[in-house]
Amino acid sequence: MNRKTYFCMAKRALSAFAAVLCGLWVTMPVWAQASAPASAVAVSPVVQVPRVFGRLNASQIGLVINEGDPYSIAVGEHYIERRRLSPEQVLRIALPMQAQLSASDLARLKAAIDAHFGPQIQALALAWTRPYAVGCLSITGALAFGVDEALCRHTCGRASASTYFNSPSSEPFKDHGWRPSMLLASASIESARRLIDRGVASDGQLGLRGSPPVQAWFLSTADAARNVRAALFPPTGPIPQLALQIEAWPGDIPKGAQRVLVVQTGLAVLPAGIATLDWVPGALADHLTSYGGLLDAVDGQTPATAWLEAGATASYGTVSEPCNHLQKFPHPQVLLLHYLQGATAIEAYWKSVAWPQQGVFVGEPLAAPFARR
């Protein structure tokens, strides 16, 4: 029985959102203009995503290790072991251990990547927490799109549109000519190893018949500037075929929530309660704020890596003032619908951001809890 047939067995019982999984595969990104008040969570029209066949696998990931960083060496070696990477899939290079990478060092890194990895390598895992930026750009954005001086002169302006956004591609380098990347970022070597282990443990473990449901939480807050994504939240309700419950919730996530798969919210500082959540392996979580991508937390806003320390497996944050353009942050429905199809964390997150130059992707790239083979 193929995956589409499984989704559609009980089609009459599906909500409009779940019905997207039954063959309505026409790309139709929707961007709302207004934010929802914290007292009532509004939802956008259902967003349709393309049907995706296949996903990235371990043989298609390239790992980059910074030889000057003990964290990078230790975390990279653990990733090689857990994902069983071949020597040809690993690039070792010396980079500065600092938050910002210079344009010249970026060019040197990009040249080494292009020279070392062949066409079979479709995406990259970067085994470090720093550097995470190149000027106003994230290192993941700069590796994909290069240095954009015009954007850095006006960081609230329009960024380059990603052709990978809401794409059916399962081979981004082949189809789009560049490799999405994700940092294996964490506060310590041990926490990074746990992050990697969660990603490996997640593969193919969700959406199974008879399995207990997982929960996706979409949280509307009173912070009007950061709450703009609430208008894009999917409708509340169960998707029984995938053992998933969607909650569009006003306020903070309830402490101690069980089997959490997704959390998205809009806040500058995250509540301590995220550490009480029962995260499932492969969980995704992010918060819309200006500086969630400053992974050393130099500005007082909570960095995206706080989600990983709490138990999530992948996240996203911006490294320079993006204003609250929805296109610069993960689209809730696009993120969830690609992940539910069996995409990896790196694919689901990258495909959910239309203008990704200022945002850094962090976590275990290959986590794929809804994959079937």
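Predicted model, so just to flag it, every value in this text is computed and none were measured.

How each quantity is defined
- Residues numbered from 1 in each chain as written.
- Predicted model: local features only at pLDDT ≥ 70, side-chain atom pairs only at ≥ 80, totals over all residues.
- Heavy atoms only, no water.
- 1 Å grid on protein atoms, 1.4 Å probe; cavity = no way out; pocket = protein on both sides within 12 Å on 5 of 7 lines; lining within 4 Å.
- Points joined across faces, edges and corners; volume = space filled by probe spheres on them.
- Salt bridge = Lys/Arg side-chain N within 4 Å of Asp/Glu carboxyl O.
- Helix = DSSP H or I, 4+ residues; strand = E, 2+ residues; numbered from the N terminus.
- Buried < 20%, exposed > 50% of the residue type's maximum accessible area, 1.4 Å probe, protein only.
- Contact = heavy atoms within 4.5 Å.
- Phe/Tyr/Trp six-rings, centres within 6.5 Å; stacked < 30°, edge-to-face > 60°.
- Lys NZ or Arg CZ within 6 Å of the ring centre and 35° of its normal.
- pLDDT = per-residue confidence, 0-100.

Participant: Explanation requested: empty space enclosed by the protein in the structure shown.
Facilitator: With a probe scaled to a water molecule rolled over the atoms, the places where space remains empty come into view. What the rule picks out here adds up to one cavity of 30 Å³ or more. Approximately 40 Å³ is the volume attributed to the largest cavity. Surrounding the largest cavity, Leu219, Asp252, Ile253, Thr265, Leu267, Leu270, Pro271, Ile274 and Trp307 form its lining.

Participant: For this particular structure, what's the right way to read the pattern of salt bridges?
Facilitator: Opposite charge on two side chains makes pairing possible when the charged atoms of those side chains draw close. The tally for this structure, following the rule as stated, stands at 11 salt bridges. Between arginine 92 and glutamate 77 there is a salt bridge; the shortest N-O distance is 3.0 Å. Of the two residues, arginine 92 sits in strand 2 (residues 90-93) while glutamate 77 sits in helix 2 (residues 70-83), which places them 15 residues apart along the sequence. For arginine 92, a relative accessible area of 40% puts it in the partly exposed group. A salt bridge links aspartate 203 to arginine 83; the nearest nitrogen and oxygen atoms lie 2.7 Å apart. Of this pair, aspartate 203 sits in the loop between helix 7 (189-202) and strand 7 (214-220) while arginine 83 sits in helix 2; the two residues are 120 residues apart in sequence, bridging distant segments of the chain. The exposure class assigned to aspartate 203 is partly exposed, which follows from its relative accessible area of 26%. Through salt bridges with shared partners, a single network forms among Arg83, Asp203 and Glu364.

Participant: Explanation requested: the environment of leucine 366 in the structure shown.
Facilitator: In this fold, leucine 366 is placed in the segment after strand 13 (359-363). Residue classification places leucine 366 among the buried residues on the basis of a relative accessible area of 3%. Between the C-alpha atom of leucine 366 and that of arginine 55, which follows or precedes it by 311 residues, the distance is 9.3 Å. Residues within four places of leucine 366 in sequence aside, it is in contact with Leu56, Asn57, Ala58, Ile61, Tyr79, Arg83, Asp203 and Thr344.

Participant: Please clarify how the packing of aromatic side chains should be interpreted in this entry.
Facilitator: Given two aromatic rings, one states the distance between the centres and the angle between the planes to describe the pair. Overall, the coordinates contain nine aromatic pairs when judged by the stated rule. Ring geometry for tyrosine 164 versus tryptophan 178: centroids 5.8 Å apart, planes at 85°, classification edge-to-face. With a gap of 14 residues between them, tyrosine 164 in the loop between helix 5 (149-153) and helix 6 (172-176) and tryptophan 178 in the loop between helix 6 and strand 6 (181-183) connect regions that are remote in the sequence. Centre to centre, the rings of tryptophan 178 and tryptophan 350 are 5.3 Å apart; their planes meet at 50°, and the pair counts as tilted. Of this pair, tryptophan 178 sits in the loop between helix 6 and strand 6 while tryptophan 350 sits in helix 10 (residues 345-351), and the two are 172 residues apart along the sequence. As far as burial versus exposure is concerned, tryptophan 178 and tryptophan 350 are alike and both buried. Among the aromatic residues, those joined into a ring-pair cluster are Phe145, Tyr164, Trp178, Tyr316, Trp350 and Phe361. Just above the ring of phenylalanine 53 sits the side chain of arginine 51; from NZ or CZ to the centre is 5.3 Å. If you follow arginine 179 out to its NZ or CZ, it ends over the ring of phenylalanine 173, 3.8 Å from the centre.

Participant: Help me out: how do you make sense of the confidence of the model for the protein chain in this one?
Facilitator: Low pLDDT marks regions whose predicted coordinates should not be analysed in detail. Per-residue pLDDT for the protein chain has a mean of 89; in total, 88% of the residues score no lower than 70. A low-confidence stretch, residues 1-14 (pLDDT under 50), is modelled with 33 contacts involving residues beyond four sequence positions or located in other chains. This model gives residues 22-43 a pLDDT under 50, and the stretch forms 67 contacts once residues within four places in sequence are excluded.

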